[in-house]
Amino acid sequence: MVKKITTDEFNAMDKSGISVLDFNAVWCGPCKMLGPVLEEVSEEMADDAKFYSIDTDDNPDLAREYGIMNIPAIVVLKDGEKVDMNVGFVPKDTLKDFISKNL
Amino acid sequence: MERFDVVVIGTGPAGLEAAITAKVRNKTVLLLGGKGSSDKVSKAHTIQNYLGLPDVAGDDMAKAFLDHATKMGIEITEDKVNAVYSMGQYFAIQCHNGDYEGSSVIIAAGMTAMKPFPGEMENLGRGVSYCATCDAALYKGKTAIIVAYSKEDEPEAEFLAERAEKVYYLPQYDYSGSLGGNIEVTLDVKPESIEMKDGQAILNASGKTFTANGIFILREQIVPSQLVPGLEMDGNHIKVDRSMATNIKGLFAAGDITGAPYQYIKAAGEGNVAALSAVSYLNELKKNQ
C-alpha cells in the first residue's frame, strides 16, 4: 500500500528502515501513470519497505528539502537519510530493481 | 477501455506490415499514425529493390501499402502519441486526442532527426524537463525558461506562470500570441547549449544568456527514450534483438527506428518479425493468466 502523507505526518513518522517516497502532483500525466505501478510494487515489496505518496503542490517544503526539481520523483530513504532518487516514469521491473538495489 | 492485443505506432512499411501480420494472426490491432503512410515512401522518386514491385514510384508504393492494409480491414487512427507507459501487464498509450490501452506495442515511428542540445540529457530531471504542467508546483516563487516549438505550448506557459515568479518564453516557431504579465517573450533566439551551475539552469542562445531555476523544452518531436520511459537505446536507435524485442517486455520496435540500413523492405521485414514476436508474447501472457 502507498500511503498519502502530509509534511507534518512525514516529520512525525517513524523513519527507521527503508521508506520510498513518491513525489507527484494531480495534473502531472506521468505521475498518474506511475501511481498504480508503484501501488503494485508496494504490495510485492511490503516486507522490504514502506511506501508514501507526497503531493508536491500541497507540500512544497518537503519537495524543496529533498531537492525535487522535476516529477514524478521516487526517493529512497534509509533510516530517514536520502540514499537514492529516480526522476520520471519507469516501468515496473525497473522500479523494483531501483528500490531493491537500495535495500 | 478496450484493450487492443497489439498497438502499432507508425504507418510506414514497418508499421503497416506489423499491423497486417498481427491481423492475419487474428489479433485486435490499433494502428496509430498518419493516414498517408510515410513521407519517406511517398516522396521517393523510384524504388528498385522492393521484391515484387520493380521500378515503383514512391507514391505508387505508398498507395499499394495502404490499399493492402485497407483490404485487410485495418484502419489508421490519426493521432499523435505523446507517451507509452509500461504498466506491467499492459501499456497505456497517451495520445493527443485521448488514451488507449494495449497488451503489446510495436514502435515503428521512423527515425527522428532531432538532436538534443549539449547539456540537455545530462541534466534531464535535474532542472531540465519536457513537461511544464507536471512540475509547475515546484516552481512557486521560482523562475523558468521555456523553449517552445508550437503555439500549443502557450497555455502550458500560462499554467506555469500562475505559479512561477517569472517565465522566459523562447518561441522556436512563428509566434503571434499574446503572452504577457510575468511571461517575458524573446523572439528570434536559437538555443545552443544548457548548463547547470549552483542550482541554476543556464541557457545559451544566439549570443544571449538566460538564467533560471529550470528549463522546459517542449518539442513536437520526441526521442524514443522519452516516448517510452525506461526504453533502452543504442545511440539514436532503439536497442532490439533478432526478435525485435526491446528491453521492455511486450514492447517491440521495427523499421528505421531500430537502425540502418534504412531500406523499405528491411523495415517491412522487421514489422513482420515484430508482429510475430508480439503474437508469441500474447500467447505467453494468456498462458500465465
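Residues numbered from 1 in each chain as written. Chains lettered and ligands numbered in written order. Predicted model: local features only at pLDDT ≥ 70, side-chain atom pairs only at ≥ 80, totals over all residues.

**A look at the overall build of chain B**
Next, step 1: Counting its regular elements, chain B contains seven helices and 19 strands.
Next, step 2: Against the globule reference of 19 Å for 289 residues, chain B gives a C-alpha radius of gyration of 21 Å, in line with a compact fold.
Next, step 3: Principal-axis analysis of the C-alpha atoms places the extent of chain B at approximately 60 × 50 × 30 Å.
Next, step 4: The proportion of buried residues among the 289 residues of chain B is 43%.
Next, step 5: Within chain B, counting contacts between residues at least 6 apart in sequence, those at least 24 apart form 56% of the total. (Helix = DSSP H or I, 4+ residues; strand = E, 2+ residues; numbered from the N terminus. Rg over C-alpha atoms; globule rule 2.2 N^0.38 Å. Buried ≥ 20, exposed ≤ 12 C-beta atoms within 10 Å, placed from the backbone. Contact = placed C-beta atoms within 7 Å.)

**Points about the interface of chain B and chain A**
Next, step 1: Chain B puts 22 residues into the contact, and the matching count from chain A is 25 residues.
Next, step 2: Secondary-structure elements contributing two or more residues to the side of chain B that touches chain A are β6 (81–86), β7 (91–95) and α4 (132–135) of chain B.
Next, step 3: Classifying every residue of the side of chain B that touches chain A gives ten nonpolar, nine polar and three charged. (Nonpolar A, V, L, I, M, F, W, Y, C, P; charged D, E, K, R; others polar.)

**With respect to the domain arrangement of chain B**
Next, step 1: Considered domain by domain, chain B is made up of domain 1 (3–113 + 222–287) and domain 2 (121–218).
Next, step 2: In this structure, domain 1 of chain B and domain 2 of chain B have C-alpha centres spaced 33 Å apart. (Domains from an automatic or database assignment.)

**As for the sheet that holds strand β12 (residues 183–185) of chain B**
Strand pairing in a sheet takes place through backbone hydrogen bonds and is either antiparallel or parallel in direction.
All names here are of chain B.
Next, step 1: Pairing in this open sheet of five strands is parallel, and the strands run β9-β16-β10-β11-β12 from one edge to the other. Where the open sheet ends on each side, the last strands, each with one partner, are β9 (128–129) and β12.
Next, step 2: Where strand β10 (residues 143–148) meets strand β16 (residues 214–218), five bridges bridge the pair, whose relative direction is parallel. Bridge pairing in β16 places Ile 146 opposite Phe 216.
Next, step 3: Its contacts with the sheet place helix α5 (residues 154–163) against β10, β11 (166–171), β12 and β16, and it is angled at close to 165° to β11. (Pairing = 2+ DSSP bridges. Axes fitted to C-alpha atoms, helices over the stretch in contact; angles between N-to-C directions.)

**Observations regarding the sheet that holds strand β2 (residues 18–24) of chain A**
All names here are of chain A.
Next, step 1: Across the sheet, which stays open at both edges, the five strands sit in the order β1-β3-β2-β4-β5 with mixed pairing between neighbours. Each having just a single partner strand, β1 (2–4) and β5 (81–87) make up the two edges of the open sheet. The sheet shows a mean angle of 25° between the axes of neighbouring strands, taken without regard to direction.
Next, step 2: Bridging between β2 and strand β3 (residues 50–55) involves six bridges; their strand directions are parallel. Among the inter-strand pairings, Val 20 is bridged to a residue of β3, identified as Phe 51.

**Here's the deal with the nonpolar core**
Residue and element names in this part refer to chain B.
Next, step 1: With 115 residues, the main nonpolar core has Val 7, Val 8, Ile 106, Ile 145 and Ile 146 as its most contacted residues.
Next, step 2: Element by element, the count of residues in this core is highest for helix α7 (residues 264–287), at eight residues.
Next, step 3: Residue-level mapping places this core at the junction of two domains, with at least three residues from each of domain 1 (3–113 + 222–287) and domain 2 (121–218).
Next, step 4: Contacts of Ile 145, omitting those with residues within four sequence positions, involve Tyr 168, Leu 170, Ala 201, Leu 203, Phe 210, Ala 212 and Ile 215. (Core = buried A, V, L, I, M, F, W, Y, C linked by C-beta atoms within 7 Å.)

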